[in-house]
Amino acid sequence: MIKKRIDRRRFMIRAAQAAGLIFLAGCDKLSQSEWFPRLLGSAEGLTQRVQRMVTPRKAMAREYNEADRSVVFPTNGNVDPANPDYQALARNDFADWKLTVSGLVERPAEFSLSDLRHLPFRTQITRHDCVEGWSAIAKWKGVPLKELLDRVRPLPSARYVVFYCADPDETGQTYYESIDFEDANHPQTILAYEINGQVLPIAHGAPIRLRLERQLGYKMAKYVMRIELVESFKTIGGGNGGYWEDQGYEWYAGI
Ligand SMILES: Nc1nc2c(c(=O)[nH]1)N[C@H]1C(S)=C(S)[C@@H](COP(=O)(O)O)O[C@H]1N2
Ligand SMILES: [Mo]
């Protein structure tokens, strides 16, 4: 607990340094002053801006060695979508599955799993952090999202990439997520179709799931069925940019 607090304090000081807020004042004095915690502890937009200053958004997430991989990689959230259309696709090993990429693009397109497998790919051994308190390391292989975006040619008005998933919850709400273009074009942002050298199993999001290595697990949509480029996500779902965001989680879940 104390360690956490110290880490948090160190983080705030680094953030302030990055923001150019520390001039002559000593760190201690600064962090004891009245305005400092208020400045750094408030709205989410601010957290995001501060985080960007501390670790630039273009920075790479740490990558690990084969030997670091977790023996067991847990599954979380939905592990078998309660959706007859999805189940029909799964029975045929997703041979009839197609990913539509549309919205604010010059050239809407559809990609089969085989199309995606023939595009340039990336493998990365990274750590997944879930808000529920577990982490696990695995090797992921997939197509960089940027490869798809380059092909559909986003219009200048496009600001976010929305991922629509196959899985509904008990109330019928379907999982979805959204990211901005800075993350969409990040080299480690991939649509993964393999985990640890194996075809992505249903429990981990077959046929493809998003890997977004600089953010928390809930951002990494599994069972992606459709991608849409939009100017705003206010009219989608509950309007907060994602399934968990609609329940109050932060939209930008930077690690
Ligand atoms: N479609 C969909 N994507 C999802 C979820 C989900 O329930 N449905 N759960 C999220 C959460 S909270 C986490 S931690 C990871 C879990 O991925 P895993 O099952 O491969 O471990 O997927 C994320 N993406
Ligand atoms: Mo999670």
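These numbers were taken from a predicted model, which means no experiment stands behind them.

J.: Got a minute to help me understand the overall build of the chain in this structure?
T.: Counting its secondary structure elements, the chain contains 8 helices and 10 strands. Within the chain, the proportion of its 255 residues that are buried is 45%. Only carbon and sulfur atoms are counted for the fraction: they give 52% of the accessible area of the chain, which is about 13300 Å².

J.: Hey, could you run me through the site of ligand 1 in this one?
T.: The full set close to ligand 1 counts 21 residues, and Pro74, Asn78, Asp167, His204 and Lys222 are the nearest of them. Between ligand 1 and the protein, one listed contact pairs an oxygen atom with a backbone N or O atom of asparagine 76 at 2.8 Å. Interatomic distance of 2.9 Å between a side-chain N/O atom of arginine 209 and an oxygen atom of ligand 1. Notes on ligand 1: free accessible area 530 Å², of which the protein chains cover 98%. Across the shell around ligand 1, the residue classes break down as 11 nonpolar, 7 polar and 3 charged.

J.: Could you clarify how one ought to interpret the sheet that holds strand β10 (residues 224–230) in this entry?
T.: Two strands in a sheet stick together by hydrogen bonds in their backbones, pointing the same way (parallel) or opposite ways (antiparallel). Pairing is mixed in the open sheet, where 5 strands are placed in the order β2-β1-β10-β5-β6. The strands lining the two open edges of the sheet, one partner per strand, are β2 (109–112) and β6 (174–180). On average, adjacent strands in this sheet sit at an angle of 20° to one another, irrespective of strand direction. Here strand β1 (residues 98–103) pairs with β10 via 4 bridges, running parallel.

J.: Can you help me understand helix α7 (residues 145–152) in this one?
T.: Two residues of an α-helix separated by three or four positions point the same way, owing to the 3.6 residues in each turn. Those residues of α7 lying buried are Leu145, Leu148, Leu149 and Val152. When α7 is viewed along its axis, its buried side chains cluster within an angular range of 100° and face the same direction. Of the residues flanking the end of α7, it is arginine 153, one or two places downstream, whose phi is positive at about 55°.

J.: I keep staring at the side chain of arginine 57 and nothing clicks. Help me out?
T.: With respect to the element layout, arginine 57 can be found in the loop between α4 (44–54) and α5 (84–91). Of the residues examined, arginine 57 reaches a relative accessible area of 4% and is grouped as buried.

J.: Hey, could you run me through the packing of aromatic side chains in this one?
T.: Geometrically, a pair of aromatic rings is defined through the distance of the ring centres and the angle of the planes. With the rule as written, the count across this model stands at 11 aromatic pairs. Their ring planes at 25° and their centres at 5.1 Å tell us that tryptophan 244 and tyrosine 249 sit as a pair that is stacked. The class of tryptophan 244 is partly exposed, set by a relative accessible area of 28%. Through a chain of ring-to-ring contacts, three or more aromatic side chains come together here, namely Tyr175, Tyr218, Tyr243, Trp244 and Tyr249. Here lysine 141 stacks its cationic end above the ring of phenylalanine 121, 4.3 Å away from the centre of that ring.

J.: Looking at this structure, how should I read the pairing of β6?
T.: Along a regular strand, successive side chains alternate from one face of the sheet to the other. Burial analysis of β6 places 6 of its 7 residues in the buried class, the great majority of the element. Bridge count between strand β5 (residues 160–168) and β6: 6 bridges; the pairing is antiparallel. Residue tyrosine 160 lies in a different strand from β6, and its bridge partner there is aspartate 180. Linkage of β5 to β6, two consecutive antiparallel strands, is achieved through a turn of 5 residues, within which glycine 172 is found at a positive phi near 95°.

J.: What exactly am I supposed to notice about the pairing of strand β7 (residues 190–195) here?
T.: Counting buried residues along β7, 6 of its 6 residues qualify, which places the element largely inside the surrounding structure. Bridging between strand β4 (residues 135–144) and β7 involves 5 bridges; their strand directions are antiparallel. Along β7, the bridge assignment pairs valine 143 with leucine 191. When β7 meets strand β9 (residues 209–211), the two strands line up antiparallel, connected through 3 bridges.

J.: I keep staring at unusual backbone geometry and nothing clicks. Help me out?
T.: For residues besides glycine, phi is generally negative; the peptide bonds are generally trans as well. Of note, the amide linkage connecting alanine 206 to proline 207 takes the cis form, showing an omega dihedral of 0°. Within the element layout of this structure, proline 207 appears in the loop between β8 (198–199) and β9. Of note, arginine 153 is a non-glycine position whose phi angle comes to about 55°, a positive value. In this structure, arginine 153 sits in the loop between α7 and β5. Although it is not a glycine, asparagine 196 adopts a positive phi angle of roughly 50°. You can see asparagine 196 is positioned in the loop between β7 and β8. The exposure class assigned to asparagine 196 is partly exposed, which follows from its relative accessible area of 25%.

Reading the values: the criteria
- Residues numbered from 1 in each chain as written.
- Chains lettered and ligands numbered in written order.
- Predicted model: local features only at pLDDT ≥ 70, side-chain atom pairs only at ≥ 80, totals over all residues.
- Heavy atoms only, no water.
- Helix = DSSP H or I, 4+ residues; strand = E, 2+ residues; numbered from the N terminus.
- Buried < 20%, exposed > 50% of the residue type's maximum accessible area, 1.4 Å probe, protein only.
- Areas by Shrake-Rupley, 256 points an atom, 1.4 Å probe, with all protein chains shown as cover.
- Near = heavy atom within 4 Å.
- Polar contact = N/O pair within 3.5 Å; in protein donor to acceptor, adjacent residues only side chain to side chain.
- Nonpolar A, V, L, I, M, F, W, Y, C, P; charged D, E, K, R; others polar.
- Pairing = 2+ DSSP bridges.
- Axes fitted to C-alpha atoms, helices over the stretch in contact; angles between N-to-C directions.
- Arc of directions from axis to C-beta.
- Phe/Tyr/Trp six-rings, centres within 6.5 Å; stacked < 30°, edge-to-face > 60°.
- Lys NZ or Arg CZ within 6 Å of the ring centre and 35° of its normal.

Any link to function would need more than the numbers given here.
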